[in-house]
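A look at the structure
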Amino acid sequence: MKSVRPKTPARKPASRPKGSNMLSKDPVQVYCRLRPIQAATDVSCMRVTSDTTVVVTPPESAVNFRMIINKEIQTTFSRVFTPDVTQKEIFKTVALRLVENLIHGKNGLLFTYGVTGSGKTYTMTGEPQDAGIMPRCLDVIFNTIKDYQTKKFVFKPDKLNGFDVQSEADAMLDRQHELHAGLSQRAGRPAKHRKIDSDGDSNPTLTHERNESQAVAVEADNAYAVFVTYVEIYNNSVYDLLDEDDIRTKTLQSKIVREDGNKNMYVHAVTEVEVKSAEEAFELFQRGQRKRRVAHTALNAESSRSHSVFTIRLVQAPLDCEGEHVMQDKRIVCVSQLSLVDLAGSERTNRTKNTGQRLREAGNINNSLMTLRSCLEILRENQSQGTNKMVPYRDSKLTHLFKNYFDGEGQVRMIVCVNPRADDYDETIQVMKFAEMTQEVQVARPNAAKLDLGFTPGRRHANKIFKEARSKLEKERPEAADLDLDLGLVYSLGGPFPQLENISPDDDQVMQSLIQFLKQRINKRNIFRADLLRKQENFRKVLVTVEQENINLKVEVASFKAANTQQKRKISALEGHLCKTESQIDNLLRKLNSANETIRNLQQELSDRDLALNQRLIDRQRVKQRYNTKMQVETDKMNRELEMKLRQQREHLQNQMREKEDKLRLVKQILVDDDNIPVISLKEPAAEPKVVSPSRDRISRKDRVPVSNPRYRRSQSADRWVDHRPQTLVPIGTVLQPLMQRRRSVTRLTSPKELTDGASRYCLVAQEHDTDGELETKLYKGDILPTSGGGAQVVFNDMECLKQSSPKARKRTGPEDDGNLDQVDASTLTETKRPRVTPS
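Just so it is clear, the model here is predicted, and its values are computed rather than measured.

Here we look at the overall build of the chain
Counting its secondary structure elements, the chain contains 16 helices and 31 strands. Counting the 840 residues in the chain, one finds 36% classified as buried. Approximately 52,300 Å² of the chain is accessible, and the part contributed by carbon and sulfur atoms is 53%.

And the structure:
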């Protein structure tokens, strides 16, 4: 097995000038995460041999498969995460150290890199039930500083990548302005917009759930505030995803990447929001996520079309010597930031099938990733070969924005997300080459730029204890509120001595740090000595004052004793008089109790009589109510019986009427079959056939009705039907249907030519309701005969009645009926032979 990229020959690093300090460097840590195989038919081209090694086997479908000499390619990472590794473990391994550095004042950069659809966004964001790296970073940060956060607007951005420190009064004014602006903005919005703003989104969105409850060590004597920004790099332009003005104009405005006074790169005029909880920060991320550009491609249903950068900036400043307020000095403010970058996936046009706008986006994505690769290659070449080539950071907004990280302003880590499918081998192998090359880049170890003011550590806790003790004392003794208490300083000369080991004889950094440390200890000692002398003098004055007060109190006590003896004599005389008065009161009380007892007896007797009278009224009312209830029950019973009898009589009468109607219908049918003749009139095509008597046929010549040849014969094999349906029919779905193989459908007869045009059979279809209310279809069939005058006439000789009825169960009468238990749906077919009829 061999490495992905051929190793360059090792060269001696460039020599440093004499007397310069040795800067420690760390390589860029690269981690690999494998995505699970989605489909059962997919074949994996990768296997994990250890916690840090992955072996890639090129499939036969790979480009230049025959040119590959070694069929197994091995790549080494800082750690390889298999598909079963949880999001929590990935966070602890990769991002927890970056969060600790952020709290200690150091910068950090973490970005995910890989082919589109390899799981970069899932690794960075995750899901509601299994959060990714970004929500867990927010949880750890706010769990750490929750007791040390400042109120809002104490730290305020200065629009130049720095922060100003405001007094508590100015911060309160800014909070009131924000509150009034928010209330007026809500009042001016329509109701539907307020609903969307209150919920965060009109449709269900991801919600933030606590995933990490741990915290890291923090400096208790500092005050902290968290600010977040969210931008995207789309088509090599930077856009602010949290800009409220862009929401109103519905167009994102491009931002400029600038350099501040400390040579740090930042996005000019970006929206930087102060957040006080992980939930508030995640809500801002969701708001920006809805504005991020995604699109559907052949490889990913929601492919990111831009690089997103979510930056968490932690601002901290020390408290004053009393541990009460933040120091009002901009120079001692420490700002550290953690940038979480979700890079857009590299992709090939022949696989994604992109055209138009998607193709232009893919080209910009690949160009920015190539620029990132070129910058890292030149950095590696400068470090390994001692050259001084210019790194083309400005060729892309992505590399220009993160220039400081690669120049030594923070720790850099990368997660390579890989889809192990054999179909993605060609793209995956390029990602592996980039990952191995990135690990050879050395980044200078960042140092926290914190200014030590020489204040006593633990002053915040001491101030808290002092306030609690004073509050407790004021509750017990209200007069203690005017006492001027001073707990003084906590006498401590600081932490342990710094590292005293010299790395080089020309290294003066150790001596300078030791001299600075000793100066701070001497200054603290002088401050503590002066404070001790001041407290001794104050204590002497207080002691003299207390002694004078003690003498005065002794004189007052003697006078109080004499007055107390005189008061005791008066009290004894008053006690004798009080005993006599109490005996008289006892006699009066006994008389009063006797009178009260007599009153109670009389009231009891009166209440007994009232109760007896009320009981009689209640019994009478109860009897009356019982009688009314019984009458109501009897009435209801009689009504039900009467209704039942009426219902039975009504059903009996309906059955009799139905039987009579059936008999009348049968008689009518018999009469029609024997005497009447159905006739078709061409002038009224929608009406049913008319019935005329045979005498009408005898006078047909007087009415000039043409007579047909009664001996006319036709070929039954060549029958052609005229299907006359004068109205829209309702299908009833009967089993038996008329068989007319060759037919011509008409809805209206206007001339005899429609009958004589090659047709020999005629069928008239009509629908009506029977006596039971069921719908039935009648088919009147007849022969078309030519007349002597050149016309045609129809002789009806058949009638069919189609009707659908529900199946009815019948009882079994013997063994022969075992196979026929139910009557199935069937159509009633009635055939009636009729004499020839001449139409009018």
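Focus: the packing of helix 1 (residues 87–103) against helix 3 (residues 133–145)
Two elements in contact, helix 1 and helix 3, have axes separated by 9 Å at closest approach and are oriented at 45°. When the axis of helix 1 is compared with that of helix 3, the two are oblique. Handedness of the crossing formed by helix 1 with helix 3: right-handed. Side by side, helix 1 and helix 3 meet where Q87, K88, I90, F91, A95, L96, V99, L102 and I103 of the first sit next to I133, R136, C137, V140, I141 and T144 of the second. Taken together, the residues of the contact of helix 1 with helix 3 sort by class into 11 nonpolar, 2 polar and 2 charged.

Focus on the environment of Q328
Examined against the element boundaries, Q328 turns out to sit in the loop between strand 21 (307–318) and strand 22 (334–342). Relative accessible area serves as the criterion here: at 49%, Q328 is assigned to the partly exposed category. Between the C-alpha atom of Q328 and that of P318, which follows or precedes it by 10 residues, the distance is 9.6 Å. Excluding anything up to four places from it in sequence, Q328 contacts V165, Q166 and S167.

What about the side chain of D723?
You can see D723 is positioned in strand 27 (residues 721–724). For D723, the side chain forms a polar contact with the side chain of R743, separated by 3.2 Å. Ignoring anything within four residues of it in the chain, the contact list for D723 reads M740, R743, R744, S745, V746, C763 and V765.

What about the UniProt feature "binding site: ATP" (unreviewed entry) in the chain?
Annotation from UniProt places "binding site: ATP" (unreviewed entry) at G114, V115, T116, G117, S118, G119, K120 and T121. Assignment of secondary structure puts K120 in helix 2 (residues 120–124). In this structure, K120 is in contact with T112, Y113, G114, V115, D342, L343, A344, G345 and C417, ignoring residues within four places of it in sequence. Among the polar contacts listed, one links the side chain of K120 to the backbone oxygen of V115, at a separation of 3.1 Å.

A word on helix 7 (residues 278–289)
Since there are 3.6 residues in each turn of an α-helix, residues three or four apart along the chain are aligned in direction. Given a rise of 1.5 Å per residue, 12 residues ought to cover 16 Å, and the 16 Å separating the end C-alpha atoms of helix 7 matches this to within 8%. Here helix 7 has its buried residues at A278, A281, F282, L284, F285, Q286 and G288. Those residues of helix 7 that are buried are in contact with helix 3, strand 13 (222–234), strand 18 (273–275) and strand 21.

Structural notes on the nonpolar core
Grouped together as the largest cluster of nonpolar side chains are 54 residues, with contacts concentrated most on F402 and F406. Setting aside its immediate chain neighbours within four residues, F406 contacts L109, L372, L376, L379, Y393 and V412.

Concerning the pattern of salt bridges
Scanning the entire structure with this criterion turns up 32 salt bridges. In this structure, R600 and E597 form a salt bridge, with 2.4 Å as the shortest nitrogen-oxygen distance. With R600 and E597 both in helix 14 (residues 509–675) and 3 residues apart, the pair spans about one turn of that helix. Classification of E597 as partly exposed rests on a relative accessible area of 38%. Linked by salt bridges that have partners in common, D158, D164 and K330 make up one network.

Focus on the packing of helix 3 against helix 7
Between two packed helices, the angle of one axis relative to the other and the distance separating the axes together describe the packing. Relative orientation of the contacting elements helix 3 and helix 7 amounts to 150°, with a least axis distance of 9 Å. The angle between the axes of helix 3 and helix 7 places the two elements in the roughly antiparallel class. For the crossing formed where helix 3 meets helix 7, the hand is right-handed. Across the interface between the two elements, M134, P135, L138, D139 and F142 from helix 3 touch A278, A281, F282 and F285 from helix 7. Looking at the contact of helix 3 with helix 7, its residues break down into 8 nonpolar, no polar and 1 charged.

A word on the packing of aromatic side chains
This model, assessed by the stated rule, comprises 10 aromatic pairs. On the numbers, 4.6 Å between centres and 40° between planes, the contact of Y113 with F434 is tilted. Taken together, the positions of Y113 in strand 8 (residues 108–114) and F434 in helix 12 (residues 425–438) put the pair 321 residues apart, joining distant regions of the chain. Like Y113, the residue F434 is buried in the burial classification. Cluster of aromatic residues (ring-pair linked, three or more members): Y230, F282, F285 and F310.

Section: unusual backbone geometry
One can expect most non-glycine residues to show negative phi and most peptide bonds to be in trans. You will see that F153, though not glycine, has its phi angle at about 70°, which is positive. Turning to its location among the elements, F153 is positioned in the loop between helix 3 and strand 11 (155–157). Non-glycine residue N161 carries a positive phi angle of around 70°. Its place among the elements puts N161 in the loop between strand 11 and strand 12 (163–165). For N161, a relative accessible area of 18% gives the class buried.

Re a nonpolar patch on the surface
A surface patch of nonpolar side chains, about 260 Å² in accessible area, is lined by I585, L589 and L592. Summarising the element assignment, L589 is placed in helix 14. With relative accessibility at 42%, the residue L589 sits in the partly exposed group.

Considering the UniProt feature "coiled-coil region" (unreviewed entry) in the chain
UniProt tags residues 585–612 and 639–670 as "coiled-coil region" (unreviewed entry). In this annotation, residues 639–670 is assigned 100% helix and 0% strand; the end-to-end C-alpha distance for the span is 47 Å.

With respect to the sheet that holds strand 27
An order of 28-27-29-30-31 is seen for the 5 strands of this open sheet, with the pairing classed as mixed. With one partner strand each, in any of the chains shown, strand 28 (743–746) and strand 31 (792–803) form the two edges of the open sheet. Within this sheet the neighbouring strands show an average axis-to-axis angle of 25°, counted without direction. Sheet topology places strand 27 next to strand 28; 4 bridges connect them, and they run parallel. For D723, the partnering residue across the bridge sits in strand 28 and is S745.

Structural notes on the side chain of E274
With respect to the secondary-structure elements, E274 resides in strand 18. A distance of 2.9 Å separates polar atoms of two side chains, one belonging to E274 and the other to K276. Setting aside anything within four residues of it in sequence, one finds E274 in contact with T150, K151, K152, F153, F155, A225, V226, F227 and E280.

Quick notes on helix 13 (residues 459–476)
When the terminal C-alpha atoms of helix 13 are compared, their 26 Å separation across 18 residues agrees well with the 26 Å that a helix rising 1.5 Å per residue should span. What helix 13 keeps buried is the set R459, R460 and N463. Looking down the long axis of helix 13, one finds its buried residues gathered within 100° of arc, a one-sided arrangement. Facing away from the buried side of helix 13, by more than 90 degrees, are the exposed residues H461, K464, K472, K475 and E476. Where helix 13 is buried, its residues meet strand 13 and strand 21.

Things to note about the pairing of strand 31
Within strand 31, 10 of the 12 residues are buried, which leaves the element mostly enclosed by the surrounding structure. Across 11 bridges, strand 30 (residues 775–786) lies against strand 31 in antiparallel orientation. The residue bridging Y780 from the neighbouring strand is M799, located in strand 31. The turn joining strand 30 and strand 31, which pair antiparallel and follow one another in sequence, is formed by 5 residues; a positive phi near 95° is taken by G790.

Here is what the cut-offs are and how they apply
- Residues numbered from 1 in each chain as written.
- Predicted model: local features only at pLDDT ≥ 70, side-chain atom pairs only at ≥ 80, totals over all residues.
- Heavy atoms only, no water.
- Helix = DSSP H or I, 4+ residues; strand = E, 2+ residues; numbered from the N terminus.
- Buried < 20%, exposed > 50% of the residue type's maximum accessible area, 1.4 Å probe, protein only.
- Areas by Shrake-Rupley, 256 points an atom, 1.4 Å probe, with all protein chains shown as cover.
- Axes fitted to C-alpha atoms, helices over the stretch in contact; angles between N-to-C directions.
- Parallel < 35°, antiparallel > 145°, perpendicular 65-115°, else oblique.
- Left-handed = near helix turned anticlockwise from the far one by under 90°.
- Contact = heavy atoms within 4.5 Å.
- Nonpolar A, V, L, I, M, F, W, Y, C, P; charged D, E, K, R; others polar.
- Polar contact = N/O pair within 3.5 Å; in protein donor to acceptor, adjacent residues only side chain to side chain.
- UniProt positions renumbered as here; feature names shortened; annotations may be inferred.
- Expected span 1.5 Å × (residues − 1).
- Core = buried A, V, L, I, M, F, W, Y, C linked by side-chain atoms within 4.5 Å.
- Salt bridge = Lys/Arg side-chain N within 4 Å of Asp/Glu carboxyl O.
- Phe/Tyr/Trp six-rings, centres within 6.5 Å; stacked < 30°, edge-to-face > 60°.
- Patch = residues over 30% accessible without salt bridge, like charges linked within 9 Å, V, L, I, M, F, W, Y side chains within 5 Å.
- Pairing = 2+ DSSP bridges.
- Arc of directions from axis to C-beta.

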